[in-house]
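# Results of the structural survey
Given next are the chains, with one letter for each unit.
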Amino acid sequence: MPFISSAILYNKDSNTKVKNNEYLEFPISLDLGNYNYLNDINNLNKDIISEYNLKEIVIHEGTADAGHYYILTKDKNP
């Protein structure tokens, strides 16, 4: 499951695109079991995968109108 944070935002007041330069940090391993709407109160859905491990990061360098993307990928055999 990809986690996506948009790098480009739209400013309604100025009618322009703005790059989001906020710092984001998330853990290497993330358990979303408490937030999965398919997990019911009785915990009957035990087959649902809710733990995810970070494998890639997509980075944008540039402005809201131009730039380059590059990807950092975790080595499968560290």
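This text gives an overview of the structure that appears in the document.

Calculation criteria
Residues numbered from 1 in each chain as written. Predicted model: local features only at pLDDT ≥ 70, side-chain atom pairs only at ≥ 80, totals over all residues. Heavy atoms only, no water. Helix = DSSP H or I, 4+ residues; strand = E, 2+ residues; numbered from the N terminus. Buried < 20%, exposed > 50% of the residue type's maximum accessible area, 1.4 Å probe, protein only. Areas by Shrake-Rupley, 256 points an atom, 1.4 Å probe, with all protein chains shown as cover. Contact = heavy atoms within 4.5 Å. Pairing = 2+ DSSP bridges.

What follows is about the overall build of the chain. Within the chain one finds 0 helices and 6 strands. In the chain, the succession of α and β elements from N to C terminus is β-β-β-β-β-β. In the chain, which comprises 78 residues, the proportion classed as buried is 8%. Entry remark: accessible area of the chain is about 7500 Å², with carbon and sulfur atoms responsible for 53%.

As for its placement among the helices and strands, Glu 56 is situated in strand β5 (residues 56-62). For Glu 56, a relative accessible area of 48% corresponds to the partly exposed category. For Glu 56, the contacting residues outside a window of four places in its chain are Ile 71, Leu 72 and Thr 73.

Bridging between strand β1 (residues 8-11) and strand β2 (residues 16-19) involves 4 bridges; their strand directions are antiparallel. Within β2, the position partnered with Tyr 10 by the bridge is Lys 17. Here β1 hands over to β2 after 4 residues, with Asn 15 in that stretch at a positive phi of 55 degrees.

Bear in mind that shape data such as this cannot, by itself, settle questions of function.
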